[in-house]
Amino acid sequence: MSLQILQKPRRAFAEETSILDGLRKSLSPVVEEKVSAPAFSKWESCPEPAELETEIVSGTHQQVRNIKVRCDHSGITVYGVSSSYYLKQLVTTIVQTFAPSVPLMNRVMVQAK
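Presented here is an overview of the structure given in this document. All values reported here derive from a predicted model rather than from experimental measurement. (Residues numbered from 1 in each chain as written. Predicted model: local features only at pLDDT ≥ 70, side-chain atom pairs only at ≥ 80, totals over all residues. Heavy atoms only, no water.)

1. What to know about the pairing of strand β2 (residues 75-82)
Test applied: Partly exposed residues are those whose accessible area sits between 20% and 50% of the maximum for their type, while under 20% is buried and over 50% is exposed, using a 1.4 Å probe and protein chains only. Numbered from the N terminus, helices here are DSSP runs of H or I no shorter than four residues, and strands are runs of E no shorter than two. Think of it this way: DSSP has to see at least two bridges between two strands before they count as a pair.
Most of β2 is tucked away: seven of the eight residues are buried. Bridge count for strand β1 (residues 65-72) against β2 is six bridges, and the pairing is antiparallel. Across the sheet, residue arginine 70 finds its bridge partner in β2, namely threonine 77. Pairing geometry for β2 and strand β3 (residues 104-110), over seven bridges, is parallel.

2. Quick notes on the nonpolar core
Buried together is how nonpolar side chains tend to be arranged in soluble globular proteins. Condition: Grouping buried Ala, Val, Leu, Ile, Met, Phe, Trp, Tyr and Cys residues that are joined through side-chain atoms within 4.5 Å yields what is termed a nonpolar core. Contacts between residues were defined by any pair of non-hydrogen atoms, one from each residue, lying within 4.5 Å.
Ranked by size, the top nonpolar core spans 15 residues in total, and within it Ile56, Val64, Val69, Ile76, Val78 and Val91 carry the most contacts. No other element matches helix α3 (residues 85-98), which puts five residues into this core. Look past the residues within four positions of valine 91 in its chain and what remains in contact with it is Ile56, Thr60, Val64, Val78, Asn106 and Val108.

3. Focus: the sheet that holds β3
Put simply, the rule is: To obtain an axis, a line is fitted to C-alpha atoms, over the contacting stretch when the element is a helix, and the angle between two such axes runs from 0 to 180 degrees between their N-to-C directions.
A sheet is described by the order of its strands in space; here three strands give the open sequence β1-β2-β3, paired in mixed fashion. The two strands at the open ends of the sheet, each matched to only one other strand, are β1 and β3. If you compare each strand with its neighbour and ignore which way they point, the axes differ by 10 degrees on average. Running at roughly 145 degrees to β1, helix α2 (residues 49-59) makes contact with β1 and β2 of the sheet. The sheet strands contacting α3 are β2 and β3, and the helix crosses β3 at an angle near 155 degrees.

4. A few points about unusual backbone geometry
In this model, histidine 61 sits at a positive phi of 55 degrees, which is unusual for a non-glycine residue. Along the polypeptide, histidine 61 turns up in the loop between α2 and β1. Positive phi values are uncommon outside glycine, yet asparagine 66 reaches one of about 50 degrees. Take asparagine 66: it is sitting in strand β1.

5. Thoughts on the pattern of salt bridges
For clarity, the cut-off: Should a side-chain nitrogen of Lys or Arg be within 4 Å of a carboxyl oxygen of Asp or Glu, the pair is scored as a salt bridge.
According to the stated counting rule, one finds one salt bridge in the structure shown. Across the salt bridge formed by arginine 70 and aspartate 72, the nearest N and O atoms sit 3.3 Å from each other.

This is a description of form; function is not addressed.
Next comes the structure, spelled out in structure tokens:
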């Protein structure tokens, strides 16, 4: 008994090209929509940085120092210095109550006294 290797018949190059062209045409509107939409339209508008800074100061009872909030196309970034990780988490919670769908980068440093 001899072994036979069964191979799938290869498609002609023209047939493969037409299949790929069809895929490109079907995907091109999706790619164009993603490129044309601005990145910040994924979430609602960013709150005023001064308003967020005030809320963080009052929400942490002035225990987070040197607070600076920056809003840009990548989301909200919070800078500051706290004495515990609990306060750092509290900053995250406060910001997320005002802008739940906006990406947040918490850059608050924790320094023990």
